[in-house]
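Chain and residue survey
Residues per chain are reported as follows:
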Amino acid sequence: MTYCVAIHVNAGLVFASDSRTNAGVDQVSTYSKMHEFGVPGERQFVLMSAGNLGTTQAVLVRLRKDMEDSEAEISLATAADLPSAAEYIGQVSLSEQRKYAGGGHNAGFDPQVSFILGGQIAGQDPGIYLIYPQGNYITTSPTTRFLQIGESKYGKPILDRIIDGETSLADAARCALVSMDSTMRSNLTVGPPVEVQIYTRDRLSLGPRIVLADDHPYLREIRQSWDLNIREAFKNMPPLRPSLFKSSEDA
């Protein structure tokens, strides 16, 4: 399984992904699910993937090949805006999935893959887009500042409670790490190394990627601190009062 999350705040974008792939209990491997594309000073993109690894790699090969081909009708180097880039990736994904769809010797094989695309083109606002296996996509809104793919349910509550437009990039990154750790704790098919990329609005270049192994001191500190504070918050919640157990007739 997989968990990837992208967060869009006023100051920029934050991306986080795990690195575990699972084709059965005895076929667990580590692959990066975060991929970078761009032209420094002109446009920068981060693409995260969840789903079939073969389809993902075929899509990535096609995207990089198109960027190098000056005669390509469209590529991530020439897309006019982020929606056009998301539409293009969706069509490439569909094309690769169709190669393996259907019955025959591929019966039971699922080629589907989902992507989150985020970034910025010079002169435009940054943004993030979730691209479904069917090729269509959605983006964020002022009230929904994050997008997830993969095993999303465990890491969603903290995002709902913390993230808004004014959240700093540093706090968004911390929130993404807590969201990731909550997911890893509840689902063993999501696992480290955890990768984090922070994009500052209008910079049009990407800084170093943060890579945290399971035994990394900071990831361990995040985990321990979150566990401790959740326990403390629970202890400080109002206790159940005897009056709550009275029936309406007693009242």
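The shown structure was predicted, so the numbers you read here are calculated from the model rather than taken from an experiment.

Here is what the cut-offs are and how they apply
Residues numbered from 1 in each chain as written. Predicted model: local features only at pLDDT ≥ 70, side-chain atom pairs only at ≥ 80, totals over all residues. Heavy atoms only, no water. Helix = DSSP H or I, 4+ residues; strand = E, 2+ residues; numbered from the N terminus. Expected span 1.5 Å × (residues − 1). Buried < 20%, exposed > 50% of the residue type's maximum accessible area, 1.4 Å probe, protein only. Arc of directions from axis to C-beta. Contact = heavy atoms within 4.5 Å. Salt bridge = Lys/Arg side-chain N within 4 Å of Asp/Glu carboxyl O. Phe/Tyr/Trp six-rings, centres within 6.5 Å; stacked < 30°, edge-to-face > 60°. Lys NZ or Arg CZ within 6 Å of the ring centre and 35° of its normal. Polar contact = N/O pair within 3.5 Å; in protein donor to acceptor, adjacent residues only side chain to side chain.

Describing unusual backbone geometry
The omega angle of the peptide bond from Pro192 to Pro193 is 0 degrees, so this bond is cis rather than trans. Here Pro193 shows up in the loop between α4 (169-186) and β11 (194-200). Positive phi values are uncommon outside glycine, yet Asp202 reaches one of about 70 degrees. Mapped onto the elements, Asp202 comes out in the loop between β11 and β12 (210-212). Phi is positive for Leu204, which is not a glycine, with a value near 60 degrees. Structurally, the position occupied by Leu204 is in the loop between β11 and β12.

A few points about helix α5 (residues 217-235)
Under the 1.5 Å per step criterion, the end-to-end length of α5 is 27 Å for 19 residues, consistent within 8% with the ideal 27 Å. Within α5 the residues assigned to the buried category are Leu219, Ile222 and Arg223. When α5 is viewed along its axis, its buried side chains cluster within an angular range of 95 degrees and face the same direction. The exposed residues of α5 that point more than 90 degrees off its buried face are Pro217, Glu221, Gln224, Leu228, Arg231 and Lys235. Turning to α5, the residues buried within the fold contact α4, β11 and β12.

Points about the pattern of salt bridges
Within the structure shown, the criterion is met by 14 salt bridges. For Asp171, the salt bridge is made with Arg174, and the minimal N-O distance between the two is 3.0 Å. Here Asp171 and its partner Arg174 are both found in helix α4, three residues apart, which amounts to about one turn of the helix. One connected set of salt bridges, linked through shared partners, spans Glu36, Glu195 and Arg209.

Let's talk about the packing of aromatic side chains
What the rule picks out here adds up to one aromatic pair. Residues Tyr129 and Tyr137 carry aromatic rings whose centres are separated by 5.7 Å and whose planes lie at 70 degrees to one another, so their mutual orientation is edge-to-face. The exposure class assigned to Tyr137 is partly exposed, which follows from its relative accessible area of 29%. Between the NZ or CZ atom of Arg64 and the centre of the ring of Phe37, over which it lies, the distance is 4.2 Å.

Digging into the side chain of Gln148
Residue placement: Gln148 occurs in strand β10 (residues 146-150). At 2.8 Å, the side chain of Gln148 forms a polar contact with the side chain of Tyr3. From its side chain, Gln148 meets the backbone oxygen of Ser152 in a polar contact 3.0 Å long. Filtering out sequence-adjacent residues up to four positions away, Gln148 remains in contact with Tyr3, Cys4, Val5, Ile116, Leu130, Gly155, Lys156 and Leu159.

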